[in-house]
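# Structural overview for review
Okay, here's what each chain looks like letter by letter:
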Amino acid sequence: MIHVFDLDMRSEQARFLREPGALAQVLGIDDIDLDHVEVFPISDLEDLGLVGYLRDGCGISADQLNRDIARLSAIEGYVLLLRSRALRGEETRLTPASQIQHIGDYGELGADWASLPSNPDETPESAKPYSSPRTSPRSARSRARRIGATVFAVVMALILLAVLLLAT
C-alpha cells in the first residue's frame, strides 16, 4: 500500500522530514524505514502530475485514483508517499501532526508471477538439451588454430609497427 499525505508546511520543514527521526515524530510513531518514504515538491513532477506519477511510476490502477482525483490534483507544495514497508510490517496507528493531511491509501499492482505448466511435448526443439549441432573435434581444433594464428599475426604486426616507429 502507498499512503499519500498532503504536507501543508514550508519547504524547509518538508525537507527536514527526510532526516532520521523527524518523520516518525510528526507521524506520532517510534520508528520508520526512510528507504520506503518519498517527500518531494509537486513541482518536481512537472507535466506528469501526482496522479500520473502514482499511476505510471508507482503502478496504482486508474480505478483507485479516480475516486480521489480532485483531492490529488489539488495538492500544491510538498507531498509524502509512505509505503507500508516503511512501517516494517507492523500494524501501526499514525497520529500525524496538524500540517499533514491524509489523502488516501492505494494498492500497488503486483507482478503476475503465474505461469502455465510446462508440457515437455510443447518445448521448442531449440530449448531442449543437446539440440545444437555438434561440431567434430577436428573442426573445433582447426577453428581454434585459425583464431590463434590471427591473434598472433595481429600482435606481431603491432610489435613490428612499434619497432619501426621507435627506429625512425
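Look above for the structure.
Conventions and cut-offs
- Residues numbered from 1 in each chain as written.
- Predicted model: local features only at pLDDT ≥ 70, side-chain atom pairs only at ≥ 80, totals over all residues.
- Heavy atoms only, no water.
- Helix = DSSP H or I, 4+ residues; strand = E, 2+ residues; numbered from the N terminus.
- Rg over C-alpha atoms; globule rule 2.2 N^0.38 Å.
- Buried < 20%, exposed > 50% of the residue type's maximum accessible area, 1.4 Å probe, protein only.
- Contact = heavy atoms within 4.5 Å.
- Areas by Shrake-Rupley, 256 points an atom, 1.4 Å probe, with all protein chains shown as cover.
- Phe/Tyr/Trp six-rings, centres within 6.5 Å; stacked < 30°, edge-to-face > 60°.

Across its full length, the protein carries six helices and four strands. In the protein, the succession of α and β elements from N to C terminus is β-α-α-β-α-α-α-β-β-α. Computed over the C-alpha atoms, the radius of gyration of the protein is 30 Å, more than 25% above the 15 Å expected from 2.2 N^0.38 for a compact globule of 168 residues. Projected onto its principal axes, the C-alpha coordinates of the protein cover approximately 80 × 65 × 35 Å. Looking at the protein as a whole, 29% of its 168 residues are labelled buried. Nonlocal contacts in the protein, meaning residues at least 24 apart in sequence, comprise 78% of its contacts between residues at least 6 apart. As displayed, the protein offers around 12100 Å² of accessible surface, 55% of which is attributable to carbon and sulfur atoms.

For the rest of this paragraph, the subject is the packing of aromatic side chains. Inspection of every chain in the model, using the stated rule, returns one aromatic pair. Between F40 and Y53 the ring centres are 5.6 Å apart and the planes differ by 75°, which places this aromatic pair in the edge-to-face class. Here the residue F40 occupies a position in strand β2 (residues 37-41), and Y53 occupies one in helix α3 (residues 49-57), the gap between them amounting to 13 residues. Summarising the burial analysis for this pair, F40 and Y53 share the class buried.

The next point concerns α3. For α3, the full list of buried residues reads G49, L50, V51, G52, Y53 and L54. In this structure, the buried residues of α3 make contact with β1 (2-7), β2, α4 (62-66), α5 (69-73) and β3 (78-83). Looking one or two places after α3, you find G59, whose phi comes out positive at around 75°.

Scope: geometric values only; no functional claims are made or implied.
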